[in-house]
Amino acid sequence: MLTTEIVVIGGGPAGMNSALAAASQGAEVTLLDRNWELGGQLVKQTHKFFGSENQFAGERGIDIAEILSERVHDNSRITVRKNSSVLGIYHDGVLTFEQDDKYKKLTSRQTVVATGAAEKFLSFTNNDLPGVYGAGAVQTLMNQQGVLPGKNVLIIGAGNIGLIVAYQLLQAGVSVEAIIEALPEIGGYEVHRDKIKRMGVPILTSHSIKKAYGEERVEGAIIGEIDSSWSFIDGTKKDFKADVICLAVGLSPLIDLLHPLGLEISYVPNLGGLAPKRDEYLETTISGYFVAGDCAGVEEASSAMMEGNIAGLSAANSIGYKKSFQEKFRNNRDELRKLREGETAKEVRAGLGEVRL
Amino acid sequence: MTEEKTEIERSLTDDLLPSVERRKEGPYALCECHQRIPCNPCLTSCPTGAVSLDSINDTPEVDFDKCAGCKQCVSACPGLACFVIDETYSTDSALVTIPYEFLPLPEEGETVNGLDRKGNFVKEVTVKNIDSFSDNGKTKVITVIVPQEAVHQIRNIEIREENHG
Ligand SMILES: Cc1cc2nc3c(=O)[nH]c(=O)nc-3n(C[C@H](O)[C@H](O)[C@H](O)COP(=O)(O)OP(=O)(O)OC[C@H]3O[C@@H](n4cnc5c(N)ncnc54)[C@H](O)[C@@H]3O)c2cc1C
Ligand code: SF4
Ligand code: SF4
């Protein structure tokens with residue numbers, strides 16, 4: 001049985017910052033991630049990020065991942081275990097994980113869950129044809145492994161993810177036929193929209209996909225305009241030739257690991273789905289279990305980093321590492337509030353109201 | 001080119017542009033960023049303190065008296081929304097500086113297609129120079145020579161295939 005003071009599950013921006021914050025207070029930390037490299041979503045983001053200097057604004061996601069993971073690896077209080085999938089957390093506090101095909105157990109005094117979010121899927125006819133991808137898979141292929149997903153892509157969803165993946169596809173030389181969005185307005189930032197528009201990509205709002213077609217794989221899609229009750233409007237059918245349909249229809253928090261412990265959750269569409277209830281220190285209803293980042297409610301890397309700091313500091317504080325805790329906590333909390341002040345964070349603010357203890 | 005003006009183009013002519021006198025004095029930056037998002041590299045990158053943005057979610061405002069047209073913000077803005085305009089280049093032509101993140105890069109002196117905010121072809125334009133600043137130079141900052149009348153229209157370029165077989 002392995003032991004550690006604080007275990008952090010997930011090595012994205014939230015998890016890496018949790019580990020760094022807890023270690024900076026003096027705690028011994030073990031950081032587990034199922035991937036072969038740290039960074040979570042950041043390792044696929046080749047574009048420059050928003051936020052302020054404290055969240056590396058203007059740096060590219062891939063570069064932020066590198067900066068943070070270097071800090072984590074250089075920290076002697078943090079043990080990093082990559083290729084380590086956490087399988088379960090039991091009532092007696094034992095955590096099990098698989099690392100390089102070996103089953104291992106670990107106990108800890110505090111746990112921070114920073115497992116990120118899972119992509120949502122969309123139901124339409126023939127959505128199981130090869131060529132229908134989630135945006136995450138397109139990014140993994142293209143940006144991590146250097147493989148083009150196809151030649152002509154139709155993107156479903158004009159939130160930030162759909163817009164950014166469209167831009168990355170264009171950079172890779174792939175043609176983006178259109179981005180379609182069911183809502184009457186695009187959900188992503190206007191600046192992301194504008195840079196796609198400048199490339200001549202049509203963005204069709206109030207449109208949805210009816211079906212994909214193709215013999216062996218995707219050859220095209222039938223889309224149409226929808227009304228306010230999401231029904232297709234007669235006579236608006238359009239046929240788009242495409243060999244890839246890329247779904248960017250949202251994410252939902254990934255906290256399955258905590259369900260068996262019986263934590264209180266709430267269905268909050270504004271946070272992406274089932275979200276854990278937590279206090280301002282990000283401790284859930286199970287004492288000693290903290291959440292941070294997208295698994296606590298789908299947001300941004302900038303807020304994930306600030307939440308990671310809070311969860312790491314708080315977990316360390318609970319086991320006696322109290323160095324200027326209140327001051328550090330307040331600084332991070334205030335900065336997080338500032339990030340969430342804008343109109344684009346309106347839904348997040350409303351959602352957080354429903355899960356705060 | 002006869003298409004209806006976009007919201008930005010309409011508002012630009014009204015209140016977002018510097019005064020006529022300032023426009024005749026030299027280059028100035030335009031931050032085409034009109035939505036409140038949590039972001040501020042335009043402010044932190046500006047060496048003259050020309051950009052103000054009270055809280056991180058505010059939209060940026062450029063003080064045209066302080067702006068030196070140095071192009072730093074064009075390179076730093078993650079939204080690729082900052083441009084530098086120089087209407088004093090010559091009687092017929094002006095300069096538009098845009099951020100560019102595509103390969104292959106054009107060469108200085110090369111003819112490229114000038115595109116508007118919707119990606120429509122406006123006019124052939126000439127690349128004057130290509131700079132890189134922060135970010136290990138990954139975002140190139142390209143200045144093109146455009147006809148005076150297209151200075152508030154051209155916001156993107158496209159390589160012409162015949163130049164890059
Ligand atoms: C296309 C796209 C563009 C984006 N652009 C921006 C942007 O411009 N600015 C911005 O601020 N944000 C952006 N984001 C959002 C940002 O990437 C996420 O909000 C952020 O990465 C969330 O961080 P996280 O640490 O909570 O989760 P993730 O980054 O998702 O990390 C979670 C980690 O947990 C690991 N994990 C999950 N389950 C287990 C398990 N059982 N065992 C072990 N490890 C596990 C995963 O391998 C992963 O490494 C973008 C996201 C996408 C998809
Ligand atoms: S062009 Fe230079 S001086 Fe003008 S706003 Fe941009 S960074 Fe500041
Ligand atoms: S850096 Fe760009 S996207 Fe960010 S606030 Fe400034 S102009 Fe807007």
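Residues numbered from 1 in each chain as written. Chains lettered and ligands numbered in written order. Predicted model: local features only at pLDDT ≥ 70, side-chain atom pairs only at ≥ 80, totals over all residues. Heavy atoms only, no water.

Caption draft 1: Spatial organisation of the interface of chain A and chain B. Listed by partner, the interface residues are 28 residues for chain A and 35 residues for chain B. For the chain A and chain B pair, buried surface summed over both sides reaches about 2,700 Å², with 52% attributable to carbon and sulfur atoms. Where chain A meets chain B, there are 2 salt bridges. For Asp63(A), the salt bridge goes to Lys138(B), with nearest N and O atoms at 3.2 Å. The tally of links from chain A across to chain B stands at 17 residue pairs in polar contact (both at pLDDT 80 or more). Elements represented by at least two residues in the side of chain A that touches chain B include exactly α4 (160-171), α5 (190-197) and α7 (325-339) of chain A. Counting residues per element, the side of chain A that touches chain B draws most heavily on α5(A), which supplies 5 residues. Among the residues forming the side of chain A that touches chain B, the class breakdown is 9 nonpolar, 7 polar and 12 charged. (Contact = heavy atoms within 4.5 Å. Buried area = accessible area lost by both parts, 1.4 Å probe. Salt bridge = Lys/Arg side-chain N within 4 Å of Asp/Glu carboxyl O. Polar contact = N/O pair within 3.5 Å; in protein donor to acceptor, adjacent residues only side chain to side chain. Helix = DSSP H or I, 4+ residues; strand = E, 2+ residues; numbered from the N terminus. Nonpolar A, V, L, I, M, F, W, Y, C, P; charged D, E, K, R; others polar.)

Caption draft 2: Local environment of the environment of Glu190(A). Secondary-structure assignment places Glu190(A) in helix α5. Along the primary structure Glu190(A) and Leu163(A) are separated by 27 residues, whereas in three dimensions their C-alpha atoms are 9.9 Å apart.

Caption draft 3: Structural context of a negative patch on the surface. Residues Glu21(B), Glu25(B), Asp63(B) and Asp65(B) make up a contiguous surface patch of negative charge. Tracing the sequence through the fold places Glu21(B) in helix α2 (residues 20-23). (Patch = residues over 30% accessible without salt bridge, like charges linked within 9 Å, V, L, I, M, F, W, Y side chains within 5 Å. Areas by Shrake-Rupley, 256 points an atom, 1.4 Å probe, with all protein chains shown as cover. Lys, Arg positive; Asp, Glu negative; His and termini not counted. Charge placed at Lys NZ, Arg CZ, Asp CG, Glu CD.)

Caption draft 4: Main features of the pairing of strand β13 (residues 220-225) of chain A. All names here are of chain A. Among the 6 residues that make up β13, 5 are buried, leaving the element largely enclosed by the rest of the structure. Of the pairings in the sheet, the one linking strand β12 (residues 207-213) to β13 comprises 6 bridges and is antiparallel in character. Paired with Lys211 across the bridge in β13 is Ile222. Connecting β12 to the next strand, β13, in antiparallel fashion are 6 residues, including Gly214 with a positive phi near 155 degrees. By the bridge criterion, 4 bridges tie β13 to strand β14 (residues 238-241) in an arrangement that is antiparallel. Directly across from Ala221, in β14, lies its bridge partner Phe240. (Buried < 20%, exposed > 50% of the residue type's maximum accessible area, 1.4 Å probe, protein only. Pairing = 2+ DSSP bridges.)

Caption draft 5: Broad picture of the pairing of strand β5 (residues 93-100) of chain B. Residue and element names in this part refer to chain B. Extensive coverage of β5 is indicated by the burial of 8 of its 8 residues. The alternating pattern of β5 places Ser93, Leu95, Thr97 and Pro99 and Ala94, Val96, Ile98 and Tyr100 on opposite faces, both of which are buried. Looking at chain direction, strand β4 (residues 82-86) and β5 are connected through 3 bridges and run antiparallel. Within β5, the residue paired with Val84 across the bridge is Thr97. Counting the residues that bridge the hairpin from β4 to β5 gives 6 residues.

Caption draft 6: The layout of surface pockets, seen in detail. Considering only enclosed or pocket space, the second largest pocket measures out at about 530 Å³ in volume. Secondary-structure elements contributing two or more residues to the lining of the second largest pocket are α4 of chain A together with β9 (156-158) of chain B. Looking at side-chain class alone, the lining of the second largest pocket contains 11 nonpolar, 5 polar and 2 charged residues. (1 Å grid on protein atoms, 1.4 Å probe; cavity = no way out; pocket = protein on both sides within 12 Å on 5 of 7 lines; lining within 4 Å. Points joined across faces, edges and corners; volume = space filled by probe spheres on them.)

Caption draft 7: Broad picture of the site of ligand 1. Residue and element names in this part refer to chain A. Taken together, the neighbourhood of ligand 1 is formed by 29 residues, with Asp33, Gln41, Val86, Asp294 and Ala301 sitting nearest. Within the backbone of Ala14, a nitrogen or oxygen atom sits 2.9 Å from an oxygen atom of ligand 1. The backbone of Ser302 places a nitrogen or oxygen atom 3.3 Å from an oxygen atom of ligand 1. For ligand 1, whose accessible area on its own is 990 Å², the fraction buried by protein is 94%. Sorting the residues of the shell around ligand 1 by element identifies α1 (13-24), β4 (84-89), α4 and α6 (301-318) as the ones contributing at least two each. Residues that form the shell around ligand 1 fall into these classes: 10 nonpolar, 14 polar and 5 charged. (Near = heavy atom within 4 Å.)

Caption draft 8: Region of the structure containing a nonpolar patch on the surface. All names here are of chain A. Taken together, the side chains of Leu87, Tyr90 and Tyr103 make up a nonpolar region of the molecular surface, amounting to roughly 350 Å² of accessible area. Here Tyr90 is to be found in the loop between β4 and β5 (94-99). Overall, Tyr90 belongs to the partly exposed group, its relative accessible area being 43%.

Caption draft 9: Representation of the environment of Thr96(A). Within the secondary structure, Thr96(A) sits in strand β5. On a C-alpha basis, the gap between Thr96(A) and Asn75(A) in space is 24 Å, while along the polypeptide they are 21 residues apart.

Caption draft 10: How the structure looks around the packing of aromatic side chains. By the definition in use, this model includes 7 aromatic pairs over all chains. Between Tyr281(A) and Phe329(A), the ring centres sit 4.6 Å apart and the planes meet at 40 degrees, which makes this aromatic pair tilted. Linking Tyr281(A) in the loop between β18 (273-276) and β19 (289-291) with Phe329(A) in helix α7, this pair joins segments that are 48 residues apart in sequence. On the basis of relative accessibility, which here comes to 25%, the residue Tyr281(A) falls in the partly exposed class. Using a relative accessible area of 2% as the deciding quantity, one classes Phe329(A) as buried. Note that Lys195(A) overlies the ring of Tyr167(A), its terminal NZ or CZ placed 4.4 Å from the centroid. For Arg155(B), the ring lying beneath its charged end belongs to Phe83(B), and the centroid distance is 5.3 Å. (Phe/Tyr/Trp six-rings, centres within 6.5 Å; stacked < 30°, edge-to-face > 60°. Lys NZ or Arg CZ within 6 Å of the ring centre and 35° of its normal.)

Caption draft 11: Quick peek at the sheet that holds strand β9 (residues 152-156) of chain A. Residues and elements named next belong to chain A. Read from one edge to the other, the open sheet built from 5 strands follows the order β8-β15-β9-β10-β11, with strand pairing classed as parallel. The sheet is open, and its two edges are formed by β8 (132-134) and β11 (203-205), each paired on a single side. Within this sheet the neighbouring strands show an average axis-to-axis angle of 20 degrees, counted without direction. Packing against the sheet, helix α3 (residues 135-144) makes contact with β8 and β15 (244-247), and its axis sits at approximately 90 degrees to β8. Sheet strands in contact with α4 are β9, β10 (175-181), β11 and β15, and its direction is about 175 degrees off that of β10. (Axes fitted to C-alpha atoms, helices over the stretch in contact; angles between N-to-C directions.)

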